[in-house]
Amino acid sequence: MDIIANKSSGKGNGAKCLEAIESYLNEREIQYTVHETNCTGHGKTLTKELSANGAQTIVALGGDGTFHEALNGIDFDKSRLGFIPAGRGNDFASGTGSACLDPVKAIADIVRGEHKDLDYIQIGDKRCLNVAGTGLDVEVLLKTAKSKNILTYAASLFRCLLHYKPYRVEVEIDGQTTEYDCIMVGVCNGTQIGGGMKLCPVSIADDGKLDVMIIEKPKRVPTVFVMPKFIKGKHMGKDYAHHVICESVKIKTPAPLQLDGEIYYDLDFDAHVVKGGVKTFKVNSEL
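Residues numbered from 1 in each chain as written. Predicted model: local features only at pLDDT ≥ 70, side-chain atom pairs only at ≥ 80, totals over all residues. Heavy atoms only, no water.

**A few points about the overall build of the chain**
Part 1 of the argument: In terms of regular secondary structure, the chain is built from 8 helices and 15 strands.
Part 2 of the argument: Here the chain has a C-alpha radius of gyration of 19 Å; the compact-globule value for 287 residues is 19 Å, and the two agree.
Part 3 of the argument: Along the first, second and third principal axes, the C-alpha atoms of the chain reach 60 × 40 × 35 Å.
Part 4 of the argument: Going through the 287 residues of the chain one by one, you find that 51% of them count as buried.
Part 5 of the argument: Summed over all atoms, the accessible surface of the chain reaches about 13500 Å², with 47% contributed by carbon and sulfur.
Part 6 of the argument: Computing the positive centroid from 34 side-chain charges and the negative centroid from 37, the chain places the two 7 Å apart. (Helix = DSSP H or I, 4+ residues; strand = E, 2+ residues; numbered from the N terminus. Rg over C-alpha atoms; globule rule 2.2 N^0.38 Å. Buried < 20%, exposed > 50% of the residue type's maximum accessible area, 1.4 Å probe, protein only. Areas by Shrake-Rupley, 256 points an atom, 1.4 Å probe, with all protein chains shown as cover. Lys, Arg positive; Asp, Glu negative; His and termini not counted. Charge placed at Lys NZ, Arg CZ, Asp CG, Glu CD.)

**What to know about the packing of aromatic side chains**
Part 1 of the argument: If you walk through the whole model with that rule in mind, you get 2 aromatic pairs.
Part 2 of the argument: Measuring from ring centre to ring centre gives 5.9 Å for Phe83 and Phe92, while their planes differ by 65°; the resulting arrangement is edge-to-face.
Part 3 of the argument: What links up through ring pairs into an aromatic cluster is the set Phe67, Phe83 and Phe92. (Phe/Tyr/Trp six-rings, centres within 6.5 Å; stacked < 30°, edge-to-face > 60°.)

**Side note on the pattern of salt bridges**
Part 1 of the argument: Throughout the structure, instances matching the rule amount to 12 salt bridges.
Part 2 of the argument: For Asp117, the salt bridge identified is with Arg80, shortest N-O distance 3.4 Å. In this pair, Asp117 is assigned in strand β5 (residues 115–123) and Arg80 in strand β4 (residues 80–85), connecting sequence segments 37 residues apart.
Part 3 of the argument: By relative accessible area, which is 33% here, Asp117 ends up partly exposed.
Part 4 of the argument: A relative accessible area of 14% means that Arg80 is categorised as buried.
Part 5 of the argument: With a closest N to O distance of 3.1 Å, Glu247 and Lys209 form a salt bridge. Highlighted residues: Glu247 in the loop between β11 (241–246) and β12 (248–252) and Lys209 in the loop between β9 (176–188) and β10 (210–216), separated in sequence by 38 residues.
Part 6 of the argument: One connected set of salt bridges, linked through shared partners, spans Arg80, Asp117 and Lys279. (Salt bridge = Lys/Arg side-chain N within 4 Å of Asp/Glu carboxyl O.)

Remember that the coordinates give geometry; whether it matters functionally is a separate question.
See the structure below:
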């Protein structure tokens, strides 16, 4: 077993989680090797090298960014990927139930070794595990990253909504193109972003489908007034929220994209689902 560990994830939670799973593995005399990441992109490089060298089980320990890097480095024909959530939001694990938030239970699931396959989103040459988006979510991520203060996603969202102006996007699904005055578009495999914001609470990570959520500017009330509904997932069915289930979608947008919280500036938003592409492990959570 090879562990890709981002010890700095979750404000140091990664280091605590690594200590916990090392204790579990050592007590049971299970062989493993830890590979610590030291910069952005290092997780992808490590995972790619390990997978190419025949590693059968690779475990990503960190937040959704670490998972994203491991997903983009692994060769699923050679390796299976386990997840130990250790970030601040842990949106993929929390929203899909695809990994236990308790690190000891999560590693126990991996050691038990029952296989499970999940979908992922393919966009160009990039893979996305949870949600790919454009618009307000990118603006919030950029504001949060640049802030000298510690801002939660929700707090940054509130500030951005006070000044954010919708822009025109074209969404093509099944050969039909529709234009929207958009606040954001999310192509979802998971259900939530930003540490618990329920962007698409009905999304299922192993149904072979993408859930496209298109959020327009509300016509009757200021956008900021609907934020509580948006955070709780109560926007579903509202006239400003459009939900489409499909297998592929093309979105023409002037804005950058975010994939699992990572920003991409020169990537066409042309997405399709890869059914059962993520070779991982079944969650039981009983030690």
